[in-house]
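Chain residues, written in single-letter form:
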Amino acid sequence: MNEVVETLRKIEEKYKLFQQQQFTFIRALERTREEAHDMLRPVSSIVQVQCYKDHHCYNSTDRRILNMFVSLCNELRCLCQRMETVHAGDSVTNGLLEKCKLLLNDSNDLTALRATYPHGVVNHLSLEEAQHRYGGVVSVLPIVLDSMKDWVTHSKLKVLYIVSPGCARCKKETPISQTAPEVLTSNNNENTVKLQEKDFKKFLAANQRPKKKKAPWRPPGKHPY
């Protein structure tokens, strides 16, 4: 898990550098689209950017920024595979990973994708650029990074829940292994999973409650209560 967190942090740092050069990225797409005689359709996939870089890019600055985008997508794709191996997953984490893998698919259509607040990548585009050209391609990286950070947060809470003393007490109070047969029926398995998910939801709710307000300050000395 620590390796995943550190890798994600490094990718985030690279993305921040890329984000600062969004204007350069858009200009590079403009020039390569013009070279490709492909000015009518929007930039709707990662493979489209790859194609512009490989076959229609004749400027070192343009090649560098397009390569930076493609490299970030590749690194995130590899991180998805790593995440699958370090955590068994549940419905939440599996859903987040599936979302990331779909968005990072080379041929996935990004046309309708839009990163919203707190991300300002779409707001830095003109109305025409945002709606009909680059709104999707500038949104894919921040949305994937958000999903991966959610995956890390949820996975850590899951681990904390498993090793928490409260969870251990629950297991001691209900020694299922002493009364149940060695081979459980499918119904018993389903009930066990439902109970575990229910307990985990309670654990999440308990750990996300706002802290209690502090008692009002009182001057030192004895008080009637």
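Everything in this summary refers to the structure shown in the same document. The residue count restarts for each chain, going from 1 along the sequence in the order it is written. Per-residue local features are limited, in this predicted model, to residues with pLDDT of at least 70; the limit for side-chain atom pairs, both in listing and counting, is 80 or more; totals at the level of whole chains, interfaces and linings are taken over all residues. Computation of side-chain values: all heavy atoms of the structure, hydrogens and water removed.

Looking now at the packing of helix H2 (residues 22-35) against helix H4 (residues 60-86). Orientation of H2 relative to H4, taken along the N-to-C sense of each, is 110°, at an axis distance of 9 Å. Taken together, H2 and H4 sit at an angle that is classed as roughly perpendicular. Here the hand of the crossing between H2 and H4 comes out left-handed. Residues Thr 24, Phe 25, Ala 28, Leu 29, Arg 31 and Thr 32 of H2 lie in contact with H4, whose contacting residues are Thr 61, Asp 62, Arg 64, Ile 65, Leu 66 and Phe 69. Amino acids are sorted into nonpolar (Ala, Val, Leu, Ile, Met, Phe, Trp, Tyr, Cys and Pro), charged (Asp, Glu, Lys and Arg) and polar (every other residue, Gly among them). Residue composition of the contact of H2 with H4, by class: six nonpolar, three polar and three charged. Helix axes are fitted only over the stretch in contact, all axes being lines through C-alpha atoms; the angle between N-to-C directions runs from 0 to 180 degrees. Helix and strand labels come from DSSP, where a helix needs a run of H or I of at least four residues and a strand needs a run of E of at least two; each type is numbered from the N terminus. Should an angle fall under 35 degrees it is taken as roughly parallel, and over 145 as roughly antiparallel, whereas 65 to 115 is taken as roughly perpendicular and any remaining angle as oblique. Should the near helix be turned counterclockwise from the far one by less than a right angle, the crossing is left-handed, whereas a clockwise turn marks it as right-handed. Between two residues, a contact is recorded if the distance between any of their heavy atoms is within 4.5 Å.

Turning our eyes to something else, we now look at the nonpolar core. By nonpolar core we mean a set of buried residues, namely Ala, Val, Leu, Ile, Met, Phe, Trp, Tyr and Cys, connected to one another through side-chain atoms within 4.5 Å. Exposure categories follow from relative accessible area, calculated using a 1.4 Å probe and restricted to protein chains: below 20% of the type maximum is buried, above 50% is exposed, and the middle band is partly exposed. Phe 25 and Phe 69 are the most contacted members of the largest nonpolar core, which has 49 residues in total. Looking at this core, the elements that each hand over two or more residues are helix H1 (2-19), H2, helix H3 (46-55), H4, helix H5 (91-103) and helix H7 (140-163). Looking at this core, the element that brings in the most residues is H4, giving eleven residues. Sequence-distant contacts of Phe 69, defined by excluding residues within four places in its chain, comprise Phe 18, Phe 25, Ile 46, Val 49, Val 137, Val 140 and Leu 141.

What follows concerns the packing of aromatic side chains. Pairing of aromatic rings covers Phe, Tyr and the six-membered ring of Trp, with a centre-to-centre limit of 6.5 Å; geometry is then stacked below 30 degrees between planes, edge-to-face above 60, and tilted otherwise. Tallied over the full model, the rule gives four aromatic pairs. Here the aromatic rings of Tyr 15 and Phe 18 are separated by 6.4 Å at their centres, their planes lie at 35°, and the arrangement is tilted. Taken together, the positions of Tyr 15 and Phe 18, both in helix H1 and three residues apart, correspond to about one turn of that helix. Across the pair, Phe 18 and Tyr 15 agree in class, each one buried. Counting every residue linked through ring pairs, the aromatic cluster contains Tyr 15, Phe 18, Phe 25 and Phe 69. Counting as a charge over the ring demands two things of the Lys NZ or Arg CZ atom: a distance within 6 Å of the ring centre and an angle within 35 degrees of the ring normal. Sitting above the plane of the Phe 23 ring, Arg 27 keeps its charged end 4.8 Å from the centroid.

Attention now moves to empty space enclosed by the protein. Definitions used throughout: a 1 Å grid over protein atoms alone; a cavity as a set of points that fits a 1.4 Å probe which cannot get out; a pocket as an open set with protein on both sides within 12 Å along at least five of seven lines; a lining residue as one with an atom within 4 Å of a point. Grid points are joined across faces, edges and corners, and a volume is the space filled by probe spheres set on the points. Summed over the entire model, instances satisfying the criterion amount to one cavity of 30 Å³ or more. Lining the largest cavity we find Tyr 15, Phe 18, Gln 19, Gln 22, Phe 25, Val 121, Val 138, Leu 141 and Pro 142. Counting only elements with at least two residues in the lining of the largest cavity, the list comes to H1, H2 and H7. The biggest single contributor to the lining of the largest cavity is H1, with three residues. Tallied by class, residues from the lining of the largest cavity come to seven nonpolar, two polar and no charged.

Attention now goes to the side chain of Asn 108. With respect to the secondary-structure elements, Asn 108 resides in the loop between H5 and helix H6 (127-132). Exposure remark for Asn 108: the relative accessible area of 16% places this residue in the buried category. Polar contacts involving the side chain of Asn 108 include one to the main-chain carbonyl oxygen of Leu 102, which spans 3.4 Å. Polar contact criterion, stated in full: a pair of N or O atoms within 3.5 Å, where within protein one must be able to donate a hydrogen and the other to accept it, and residues adjacent in sequence count only if both atoms are side-chain atoms.

Moving on, we come to the pattern of salt bridges. Here a salt bridge means any side-chain nitrogen of Lys or Arg lying within 4 Å of a carboxyl oxygen belonging to Asp or Glu. Enumeration over the complete set of coordinates arrives at 14 salt bridges. A salt bridge links Lys 14 to Glu 75, with the shortest nitrogen-to-oxygen separation between them at 3.0 Å. Here Lys 14, found in helix H1, pairs with Glu 75, found in helix H4; they are 61 residues apart in sequence, far enough to count as distant. You can call Lys 14 partly exposed: its relative accessible area is 37%. Of the charged contacts in the structure, one is a salt bridge between Arg 31 and Asp 62, with a shortest N-O distance of 2.8 Å.

Another point: the packing of H1 against H4. The geometry of H1 relative to H4 is characterised by a closest axis approach of 10 Å and an angle of 165° between their N-to-C directions. When the axis of H1 is compared with that of H4, the two are roughly antiparallel. Of the two elements, H1 crosses H4, and the hand of that crossing is left-handed. Where H1 abuts H4, its residues Glu 3, Val 4, Thr 7, Leu 8, Ile 11, Lys 14, Tyr 15, Leu 17 and Phe 18 lie against Ile 65, Met 68, Phe 69, Leu 72, Glu 75, Leu 76, Leu 79, Arg 82, Met 83 and Val 86. Tallied by class, residues from the contact of H1 with H4 come to 14 nonpolar, one polar and four charged.

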